[in-house]
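Below are the chains, spelled out letter by letter.
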Amino acid sequence: MGNIVYVVGSVNEDLRLRMERLPEPGETVSADSVETGLGGKGANQAVAAARSGVPVRFIGAVGDDDPGDRLRRALSDDGIAADRLRSVPHVASGRAFVLVDDDGRNSIVVEAGANGALDADEVRAGLDDARPGDVVLCQLETGLDAARAAVRTARTRGAYTVVNIAPFHAGVLSLLADVDLVVANEHECADLRSALAAAGGGTVADLGDRMLVTLGASGSVLGEETVRVAGDAVTVVDTTAAGDTYVGYLAAGLAEGRPIAEAMRQAGRAAAITVGRAGAARSIPHAHEI
């Protein structure tokens, strides 16, 4: 077995509603279709990494309920090791309500459910066999304690750490010293810049090549133009999982030992395919499609 991507993160059952346009506040609109499926930033990124062809282990929590069983099966069906996915009694699995319009734009409301029960001790135990060459990937949907435990444990194990700072929380500043690569979109990068300024903690530029910003259709950039990868021109169907596809493929490329510029290009191509398809996890391509 090669290097492993450990994903510490959220897993939700998505309820996806497609409509001509997103509702304004106080407005009711009709949905053209409704479907359910695997979602959550952690799960989407794990699926992307797994479909790239690398071994993936998932550390997270679901409810001891039917949706939790479905989510566990969905991860396993993609070849993701889900034995470190805990079933929490008397707590519902996480859910996300995703509204998507005909232009591919979305609005998402998340109910954390069991994702909020993931604690630092579980994360540390789940990473007890991580080693140099492995990549530990986390986001902020499961809270700062889980992310902090992930990056600090990974650091002691010699693994490479990637943190996607979404959804943004100013407390992420406490993680930066232990993170090898911070990934953010333009909005999250702006939030990080503001948080650093408010804390008197330097600037985003100080992170140098530890900062990677995704730019949507314009591609992605590492540091102060150390690497810039152009985006692909595509017809947008649904942008829901594009960022997660990018992050998952990026982490997988780093675990395979690819130079970061090559990993960024592969991740961008995968994300471009994702936005041309409907859905979250099911829209993520396999490596042979790229």
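Anything mentioned here points back to the structure above.
Here's what I pulled together on the structure shown here. (Residues numbered from 1 in each chain as written. Predicted model: local features only at pLDDT ≥ 70, side-chain atom pairs only at ≥ 80, totals over all residues. Heavy atoms only, no water.)

### Looking at the packing of helix H1 (residues 41-52) against helix H6 (residues 242-255)
Each pair of packed helices gets described by two things: the angle between the helix axes and the distance between those axes.
Link 1 in the chain: Look at H1 against H6: their axes get within 7 Å of each other, and the N-to-C directions meet at 50°. In terms of axis orientation, H1 runs oblique to H6. At the point where H1 passes H6, the crossing takes the right-handed sense. Residues Lys41, Asn44, Gln45, Ala48, Ala49, Arg51 and Ser52 of H1 pack against Asp244, Thr245, Val247, Gly248, Tyr249 and Ala252 of H6.
Link 2 in the chain: Looking at side-chain class alone, the contact of H1 with H6 contains 5 nonpolar, 5 polar and 3 charged residues. (Axes fitted to C-alpha atoms, helices over the stretch in contact; angles between N-to-C directions. Helix = DSSP H or I, 4+ residues; strand = E, 2+ residues; numbered from the N terminus. Parallel < 35°, antiparallel > 145°, perpendicular 65-115°, else oblique. Left-handed = near helix turned anticlockwise from the far one by under 90°. Contact = heavy atoms within 4.5 Å. Nonpolar A, V, L, I, M, F, W, Y, C, P; charged D, E, K, R; others polar.)

### Some remarks on the sheet that holds strand S2 (residues 12-18)
Link 1 in the chain: The strand order across the open sheet formed by 4 strands is S3-S2-S6-S7, and the pairing between neighbours is mixed. Looking at strand neighbours, the two that pair on one side only are strand S3 (33-39) and strand S7 (106-111), the edges of this open sheet. Adjacent strand axes in the sheet meet at a mean angle of 20°, parallel and antiparallel pairs treated alike.
Link 2 in the chain: Along the sheet, helix H2 (residues 66-77) makes contact with S2 and S3, crossing S2 at roughly 90°. (Pairing = 2+ DSSP bridges.)

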